[in-house]
Each structure stands twice: as structure tokens, then as C-alpha cells.
Amino acid sequence: MHINEFDYHLPQELIAQKPADKRDCSRLMVLNRENDTIEHRHFYDILEYLLPGDCLVLNNSKVLPARLFGTKEETGAKVEFLLTKRIEGDRWETMVRPGKRLKPGDTVAFSPDFKAEILDYGKDGTRIVEFHYQGIFMERLEELGKMPLPPYIERDSDQEDKERYQTVYCKEEGSVAAPTAGLHFTEELLRKAEEKGVKIAYVTLHVGIGTFRPVKCETIEEHEMHFEEYEVSQESARLVNETKAAGGRILSVGTTSTRTLESAAVFENGQYRLKAGAGSTGIFIYPGYEFKLVDGLITNFHLPKSTLLMLISALYDREKILSAYEVAVKERYRFFSYGDAMLIV
């Protein structure tokens, strides 16, 4: 398939620069695959589409305040770090800007007692760095770091982002981008879903910086996905497998939860089941893919020509998804991380 088959026109002003006033007050487009209908609702209406016996699967990864601003000690030059992956202990893979100024042996200071030494060159222009500091690393990062907002949000992150660019159920630290479909949920909404008889299962997939990297191949099948770490608990596997066995629906909250479920699916005794454990996935889901566990999806509106748009096109139908996106543009939905939501059932 050609990359241009996943393109659409998006006016710049529809890219959300701020979150909705309240998490669950964002708009919700509902796509019903059985009767090919589109409904326009608000996210708090999601309860009307959840059935007793369904299982919602959410990614509980927590976004690190991974953007740091400092100075190169030798010259005083201003430097920006984006932590992308912890290697071991205080050693991290880090994107740096401007890259040409930083070579092995250089030291960058973010405060008098929080510094980083450049150890080596990493992949794709990154650096391997080791931090030296006083106190507890995550507490210092919380103090000095800023939220790594996506590049299409054209402003600096602020204090509000430290709360709103996290899900209310985030727990496991490790992402450099939010699993944004979950940003619409409130604790009250999740409680009401459980009261209705909906099971809630959590998985963990740490979102890497590769989520923002564009597809550069003209033929999408040639694209290589970045790898991300995931974990599925015994309890979550049990909830998903019990739901499947009872004929309930698995509704994935976000493309990251979807990739985790489909990566950890195993075929046993004539059916697919979710296997507990940890792993690394580079799964690439595009039209033609047959889903093993996921029956429905809650997601945001994705970038043109992105792997995320390809994933939702695999769940429904490429032309119908692009048609729905045209409707979303016409109806002035808000797009991307802080934007509105879509439910595909």
C-alpha cells in the first residue's frame, strides 16, 4: 500500500494546543462498524456504549518529565535533553539539541548538583549519558524536568501539563509521550463503568520517541517500527481471558494498549488468549491484519500518513476511516494528543 493512501487534509487550527476544560468534556465521534453510522457525542457519553461483561484495557504507563534544559559546562552553551530510555541505573539514552555541540567527555549542568556526562554516541543521533546528582533521581527529574509535549504543540509545557498530560490511572514510570486516548477518562467515569459491570484491566507499554517518527517509505510494508517495552500482569491476563471466554468484548483504550494486547496474544486450545509477562514489541498493524483479541477501540485523531492511522484503518476500513476524518474536519473536531476522541465498535 502507498503512503499517500493514508493522507488527509487537516487545517492547522484544528490541532489542539491545550486540553479540554474537563477531561471527559472532550467530544466523541462514535463509529459503528455493523451499520456504518457516525454519531457525535461527548466523552462522558461513553458509558452508553459500554456493556456489562465488556473489558476496558488501559495503558497505565506514566510520562516522565523527560525534557531538561541546561548548559554545557565548558562553554556555557544552552543545551536541551530529551530522555528516551533508561539503559541501566543512572545511564540513559538521550536526544540532545544542538547535537553537534555535545561529544563524549562533555558535561552538562541542569543545576549545581544535577549534571550529566556524555559517555558515547547512541542510535539515530542520540547520546548515552550518565547523571550525577544529589538526592533521588526521579524526585530531581520531577523538580527540574518539563513534560515532553509533542512537536505539533507549539508552546512550552507548563504546570498544568504535569497533570493533564498524564492519565488519572498512570502508575509505571517510563514513557516520553502520553497514551493519549486515556486522557479523557476521569476516576468517576471509570468507577461508573465498573458499577455497570465493565471489567477494567491495566497493561503497561512505555511509549518511546519513535511514536513521533514519520513513515518515510513510500510503500508502507517496508516501514520498520520502533520497539517498545510492555508488561501484562497475571490479573489483567485473567480479566481479558475471562471476558473472551464469556463472549464479552475487549475494548482497547488507545493504540498502545492495542499493540500490547496483540503482541502478547497466544493461540491455545483453538483460541487466542492473553499471556502474562514482559516483552518488547515492534508490531506494525496495518490493513490486512487480523486482530486476535481487540474487538473495539477508543482512540484520538491521528496524524496523516502515520502508523496509528494505519492501525485504526486495519480495525475498520481505510476509506471509511478517511471519510470519518473528513467529517471530523468539517465538524471542527480537535486533533491529536490534546484533541477529541473516537470510539470504534
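Per chain, residues are indexed from 1 in the order of the written sequence. Since the coordinates come from a predicted model, pLDDT governs what is reported: local features require at least 70, and pairs of side-chain atoms require 80 or more to be given and counted, while whole-chain, interface and lining totals use all residues. Excluded from the side-chain calculations are hydrogens and water; all other atoms, namely the structure's heavy atoms, are used.

Student: Just to check I follow, could you spell out unusual backbone geometry for this structure?
Tutor: Note that the residue after Arg97, namely Pro98, is joined by a cis bond; omega there is -5°. Mapped onto the elements, Pro98 comes out in the loop between strand S7 (91-97) and strand S8 (107-111). One non-glycine residue, Arg332, lies in the positive phi region at around 65°. By definition, any uninterrupted DSSP run of H or I lasting at least four residues is a helix, any uninterrupted run of E lasting at least two residues is a strand, and each is numbered from the N terminus. In this fold, Arg332 is placed in the loop between helix H7 (318-330) and strand S19 (341-344). Given the relative accessible area of 44%, Arg332 is considered partly exposed. Despite not being glycine, Phe336 has its phi angle at roughly 75°, a positive value. A 1.4 Å probe rolled over the protein chains alone gives each residue an accessible area, and that area as a share of the maximum for its type sets the label: buried under 20%, exposed over 50%, partly exposed in between.

Student: Can you walk me through the pairing of strand S2 (residues 37-42) in this structure?
Tutor: A regular strand places its side chains so that they alternate between the two faces of the sheet. When DSSP locates at least two bridges between a pair of strands, those strands are taken to pair. Bridge count between strand S1 (residues 27-32) and S2: 6 bridges; the pairing is antiparallel. Pairing of Arg27 across the sheet is with His42, part of S2. In this structure, the hairpin formed by S1 and S2 is closed by a connection of 4 residues, where Asp36 is found at a positive phi of approximately 55°.

Student: For this particular structure, what's the right way to read helix H3 (residues 187-195)?
Tutor: Owing to its 3.6 residues per turn, the α-helix brings residues three or four apart onto one side. Inspection of H3 places Leu189, Leu190 and Ala193 among the buried residues, and these make up the whole buried set. Looking down the long axis of H3, one finds its buried residues gathered within 100° of arc, a one-sided arrangement. Of the exposed residues in H3, those oriented more than 90 degrees away from the buried face are Glu187 and Glu195. Gly197 lies just past H3 and shows a positive phi near 100°. Note: the arc covers the axis-to-C-beta directions of the helix.

Student: When you look at a negative patch on the surface in this model, what are you seeing that I'm missing?
Tutor: Here a patch means residues that are over 30% exposed by relative accessible area and free of salt bridges, tied together within 9 Å if like-charged and within 5 Å if nonpolar (Val, Leu, Ile, Met, Phe, Trp, Tyr). Only the protein chains shown count as cover for residues, with accessible areas throughout obtained via the Shrake-Rupley method and a probe of 1.4 Å. We define a salt bridge as a side-chain nitrogen of Lys or Arg found within 4 Å of a carboxyl oxygen belonging to Asp or Glu. Only four residue types enter the tally: Lys and Arg on the positive side, Asp and Glu on the negative side; His and the chain ends are excluded. Charge positions come from single atoms, namely NZ of Lys, CZ of Arg, CG of Asp or CD of Glu. A contiguous patch of negative charge on the surface is contributed by Glu142, Glu172, Glu173 and Glu231. Here Glu142 shows up in helix H1 (residues 137-144).

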